[in-house]
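Observations on the model geometry
The residues making up each chain are set out below.
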Amino acid sequence: MSAVLSTHGLVARYGDFQALYGVDTELGAGECVALIGANGAGKSTFLRAVMGLLPVAREMVRLDGEPVGGTAPDRMVQKGVAIVPEGRRLFTGMSVEDNLRVAIDQAARAAGKAGARAGGKGGWTLKRVHDLFPILAEKARTPVQSLSGGQQQMVAIGRALLCQPRVLLCDEISLGLAPKVIREIYAALPEIRAAGTAVILVEQDVGLAQSASDRLYCMLEGRVTLAGKSAEISRAQIGEAYFGVGHAVA
Ligand SMILES: Nc1ncnc2c1ncn2[C@@H]1O[C@H](COP(=O)(O)OP(=O)(O)OP(=O)(O)O)[C@@H](O)[C@H]1O
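Residues numbered from 1 in each chain as written. Predicted model: local features only at pLDDT ≥ 70, side-chain atom pairs only at ≥ 80, totals over all residues. Heavy atoms only, no water.

**Examining the site of the ligand**
Going by this rule: The criterion for a residue being near a molecule or strand is simple. One of its heavy atoms has to lie within 4 Å of it. Here a polar contact is recorded for every N or O atom pair within 3.5 Å, except that within protein the pair must consist of a potential hydrogen donor and a potential acceptor, and residues adjacent in sequence are included only if both atoms are side-chain atoms. Here a strand is any run of E in DSSP of at least two residues, a helix any run of H or I of at least four, and the numbering for each starts at the N terminus. Residues were grouped as follows: Ala, Val, Leu, Ile, Met, Phe, Trp, Tyr, Cys and Pro as nonpolar; Asp, Glu, Lys and Arg as charged; and all remaining residues, including Gly, as polar.
What surrounds the ligand is a group of 15 residues, the closest being G40, G42, K43, S44 and T45. At a separation of 2.8 Å, an oxygen atom of the ligand approaches a polar side-chain atom of K43. Take Q204: an N or O atom from its side chain is 2.9 Å from an oxygen atom of the ligand. Counting residues per element, the ones that place at least two in the shell around the ligand are strand 2 (17–28) and helix 1 (43–51). For the shell around the ligand, the element with the highest residue contribution is helix 1, accounting for 4 residues. Residue composition of the shell around the ligand, by class: 5 nonpolar, 6 polar and 4 charged.

Right, here's the structure in full:
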């Protein structure tokens, strides 16, 4: 597999506390990889470390083979990596459309063409985001804080897509949402991948993670304890990797 993104012995710390202990992963072009694991396993830390939100050594993260570890997040966006962060982090007080336009402007600046329409590799435009999540067109003028959690998540995903990513990092996009809304959001994944964007999904719902992904990694206490094709991994294997030997997932 030629990896679009890979990590090599990725180590991350919060001060004296070590949260990741040498994490090796690979993400193929257009692939969807799920990252599962119990609370505190290090999943969000992994995404933060990849995105340049935590200091890591250059060689520990590669994008198309180029060492990019520790590159500032705005530069990572320019290089084609976008994140849907835990908690969404929308610009409250701004409308749905203005939230999305921030990303369009950012992508245009990154492309060095002032005022250019979003025209990066993924070709994501406001219209395509509206096609993906029609409710965002209906609510274009609505302040984001008035939206439901699911609608806010759609804005967060749309905003990330408008950065024209080749790699999309999603942190717990189903958290706190109703099953119907989760299905709507996950239904967008095939189209995102069809646009050539590879996805890393951090997901607490193991069944959802497994069904949505090509491959998965399970983490426990800052280490990868299981890696393989999602369709081939058994619940017993996941149970052991998730909690340590001797446990099972329901
Ligand atoms: N800002 C921080 N400062 C110090 N320690 C942190 C910080 N953020 C996370 N940690 C610690 O790092 C470890 C990994 O946390 P992380 O948030 O990456 O886990 P996670 O797998 O994403 O779990 P969750 O599903 O709860 O978000 C945990 O022990 C957590 O307490």
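Still more to cover.
**Structural notes on the sheet that holds strand 5 (residues 66–67)**
The following threshold applies: Two strands are counted as paired when DSSP detects at least two bridges linking them. Contacts are assigned to residue pairs that have any heavy atoms within 4.5 Å of one another. Each axis is a line fitted through C-alpha atoms, taken for helices only over the stretch in contact, and angles between the N-to-C directions span 0 to 180 degrees.
Overall, antiparallel pairing links the 4 strands, which are arranged 2-1-4-5 in an open sheet. The two strands at the open ends of the sheet, each matched to only one other strand, are strand 2 and strand 5. Across 2 bridges, strand 4 (residues 61–63) lies against strand 5 in antiparallel orientation. In the strand pairing of strand 5, L63 is matched with E66. Helix 1 contacts strand 1 (3–14), strand 2 and strand 4 of the sheet and is inclined by roughly 110° relative to strand 1.

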